[in-house]
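# A look at the structure
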Amino acid sequence: MSLELILQIIVFLGSIFIGIRLGGIAIGYAGGIGVVVLGLALGMKPGSIPWDVILIIAAAIAAISAMQQAGGLDYMVRLTERFLRKHPQFINYLAPICGWLLTLLAGTGNAVFSLMPVVVDVAKSQNIKPSVPLSLMVVASQIGITASPVSAAVVYMSRVLEQFGWNYPTLLGIWISTTFIACILTAFIVSLITPLDLSKSKIYQERLKTGLVKDANEVLQAEDKPGAKLSVAIFLTTVLCVVLYATAISNNIRWIDPVVISRDSAIMSFLLTAATLITWFCKVDPTKILDTSVFKSGMTACVCVFGVAWLGNTFVSGHTNEITDLASNWVKQIPATLAVAFFFASMLLYSQAATAKAIVPVVITSLGITTASPNDSYMLVACFVAVSALFVLPTYPTLLGAVQMDDTGTTRIGKFIFNHSFFIPGVLAIAIAVALGFVAAGLFM
């Protein structure tokens, strides 16, 4: 390993470390510093900026934030809350299912923020440590991104894989089924191996004595805004239209031929149309959309993807040959090592879409996957969910939110960074989903 490469690795990892320490949108800022140093000081050519990913995220956030301002997101959460409270004894299973489903429909894991107080309250009513259902829900919301028809990661991967003979409905079917089953099996395993009795938690008992444990506020008490149900109907209709259009132009189906509007352009235009219709018919004040939590977190995500993905692409493109040689040797011998590469890359790049954008082209080149020889493309289908390891470093917003909202103190971050409540459920969920992915992808090869 040359001195130059060592310095480049130090700059790459150092920039990410600085961003994580600063937190929030600063993660994206720090990516810019890394590109500057790698380019001017170490002579690396700046990589490509993932504009397609950024624009799809922006379009999705535009529609979802309009729906939130219309009251639609709160309405969906209230429906979910009623469901959770009717079946409190199954909270360890229902929490991840609800988190996964909300993410699947909305294309963002931030939808689970509003459910966290409900999960804590229901868990306490059943004498269950809230850390169990909370951690399962946060993990489910992260892997749910790899199954959502409107997520940038799914849009990118389906576009790449279609050229190798995979059609959109098949890909969506594989990713939806494997991630859902993985959530259920993970909940079952975690519930078996984790002590669930809240009353035996020393931290909980200490906080209970000092009066720090309170009941969560019920969202059910709030009233629906006039346009709440209509906004949800418009948004879900748009998601259905996205799926139908993407299916109709899929290479193996071709209900629409020639294709005038590409999948990316269609998804962005559909989502912006939904935002317009929600704003118009639900009488939403456009100026207030900018103040919604979804808009703020979504624009933060855009900047983070901009900076961190640009930094990642700069580093990866500068070492394409070395990474290609390494990947071709390891992945061909042990296909599951591709999942390991996705796992560690997403840990650092902090985005499912950014990870896929940075790693997938290199893997395709290294394995020699072409339209004439697409056989190894099944590895990409099976391992895709592994780009969801955003839970490893305890700095992701939904993870931190769960820690803050659990007033029992059972959801916590340990002294050694990785020994937190989300690590084991996250690793289990990804491992199970990848294993299921190899089975499912093998059936459709």
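Going by the structure above, here's the rest.
Overview of the structure. It should be emphasised that the depicted structure is a prediction, and the values quoted were computed from it without experimental measurement.

## Concerning the overall build of the chain
Of regular secondary structure, the chain possesses 20 helices and 0 strands. In terms of overall size, the chain behaves like a compact globule, its C-alpha atoms giving a radius of gyration of 22 Å where 445 residues would be expected to give roughly 22 Å. In terms of principal-axis extent, the alpha carbons of the chain reach across some 60 × 50 × 45 Å. Sequence separation of at least 24 residues holds for 81% of the intrachain contacts in the chain that already meet a minimum separation of 6. Per element, the accessible surface of the chain, about 19000 Å² overall, is 67% carbon and sulfur. Charge separation in the chain, taken as the distance between the mean sites of 25 positive and 21 negative side-chain charges, equals 5 Å.

## Observations concerning the packing of helix α7 (residues 131-143) against helix α19 (residues 397-405)
At their nearest, the axes of α7 and α19 sit 10 Å apart, and the two run at 165° to each other. Between α7 and α19, the angle falls in the class roughly antiparallel. Once α7 is placed against α19, the crossing between them reads as right-handed. Every residue of α19 that contacts α7 at Leu134, Val138 and Gln142 is listed here: Thr398, Leu399 and Ala402.

## Focus on the pattern of salt bridges
Scanning the entire structure with this criterion turns up 4 salt bridges. A salt bridge links arginine 159 to aspartate 264, with the shortest nitrogen-to-oxygen separation between them at 2.3 Å. Residue arginine 159 is located in helix α8 (residues 152-162), and its partner aspartate 264 is located in helix α12 (residues 263-281); the two are separated by 105 residues in the primary sequence. Assessed through its relative accessible area of 10%, aspartate 264 is described here as buried.

## Some words on helix α3 (residues 51-69)
In this model α3 runs 27 Å from its N-terminal to its C-terminal C-alpha over 19 residues, within 8% of the 27 Å that 1.5 Å per residue would give. Taken across its 19 residues, α3 has 15 buried, putting it largely inside the fold. Once α3 ends, the next one or two residues include glycine 71, with phi positive near 95°.

## Some thoughts on unusual backbone geometry
Negative phi is the rule for most residues except glycine; trans is the rule for most peptide bonds. Even without being glycine, asparagine 127 reaches a positive phi, approximately 60°. Within the fold, asparagine 127 resides in the loop between α6 (116-125) and α7.

## Let's talk about the packing of α3 against α12
Between α3 and α12, the shortest axis-to-axis distance is 8 Å and the interhelical angle comes to 20°. Looking at the two axes, α3 sits roughly parallel to α12. α12 is crossed by α3, and the crossing has left-handed handedness. Facing α3, whose interface residues are Asp52, Leu55, Ile56, Ala59, Ala60, Ala62, Ala63, Ala66 and Met67, α12 presents Asp264, Met268, Leu271, Leu272, Ala274, Ala275, Ile278 and Thr279. Tallied by class, residues from the contact of α3 with α12 come to 14 nonpolar, 1 polar and 2 charged.

## Remarks on the packing of aromatic side chains
Scanning all chains against the criterion turns up 10 aromatic pairs. Judged by centre distance (5.1 Å) and plane angle (55°), the ring pair of tryptophan 100 and phenylalanine 180 falls under tilted. With tryptophan 100 in helix α5 (residues 91-106) and phenylalanine 180 in helix α9 (residues 168-193), this pair connects stretches of sequence that are 80 residues apart. Tryptophan 100 gets classed as buried once you look at its relative accessible area, which sits at 6%. When the ring of tryptophan 175 is compared with that of phenylalanine 384, the centres are 4.7 Å apart and the planes differ by 50°; the resulting orientation is tilted. Note that tryptophan 175 is positioned in helix α9 and phenylalanine 384 in the loop between α18 (378-383) and α19, a separation of 209 residues in sequence. When its relative accessible area of 3% is taken as the criterion, tryptophan 175 is described as buried. Overall, the relative accessible area of 0% leaves phenylalanine 384 in the buried class. Site record: aromatic cluster; members linked through ring pairs are Trp51, Phe306 and Trp310.

Reading the values: the criteria
Here the residue numbering is sequential within each chain, running from 1 through the sequence in written order. Two thresholds apply to this predicted model, a pLDDT of at least 70 for residue-level local features and 80 or more for giving and counting side-chain atom pairs, whereas whole-chain, interface and lining totals are computed over all residues. Side-chain descriptors were evaluated using all non-hydrogen atoms of the structure, hydrogens and water having been removed beforehand. In this text, helices come from DSSP runs of H or I with a minimum length of four residues, and strands from runs of E with a minimum of two, each type numbered from the N-terminal end. All radius of gyration figures rest on C-alpha atoms, and the globule criterion is 2.2 Å times the number of residues raised to 0.38. Contacts are residue-level and defined by heavy atoms, with any inter-residue pair within 4.5 Å sufficient. Here the Shrake-Rupley method, with its probe set to 1.4 Å, supplies the accessible areas, and only the displayed protein chains count as covering residues. The sign given to each residue is positive for Lys and Arg and negative for Asp and Glu; His and the chain ends receive no count. In plain terms, the charge of a residue is placed at NZ if it is Lys, CZ if Arg, CG if Asp and CD if Glu. For every element, the axis is a line fit to its C-alpha atoms; helices are fit only across the contacting stretch, and the angle between N-to-C directions ranges from 0 to 180 degrees. To sort the angles, those under 35 degrees are grouped as roughly parallel, those over 145 as roughly antiparallel, those from 65 to 115 as roughly perpendicular, and the leftovers as oblique. The hand of a helix crossing depends on one turn: near helix anticlockwise from the far one by less than a right angle means left-handed, and clockwise means right-handed. Counted as salt bridges are all cases of a side-chain nitrogen of Lys or Arg within 4 Å of a carboxyl oxygen of Asp or Glu. We call a residue buried when its accessible area falls under 20% of the maximum for its residue type, exposed when it is over 50%, and partly exposed in between, using a 1.4 Å probe and counting protein chains only. How far a helix is expected to stretch is found by multiplying one less than its residue total by 1.5 Å. Each residue gets one label: Ala, Val, Leu, Ile, Met, Phe, Trp, Tyr, Cys and Pro are nonpolar, Asp, Glu, Lys and Arg are charged, and the others, such as Gly, are polar. Only Phe, Tyr and Trp rings are paired, with Trp represented by its six-membered ring, and only when their centres lie within 6.5 Å; those with planes under 30 degrees apart are stacked, over 60 edge-to-face, the remainder tilted.

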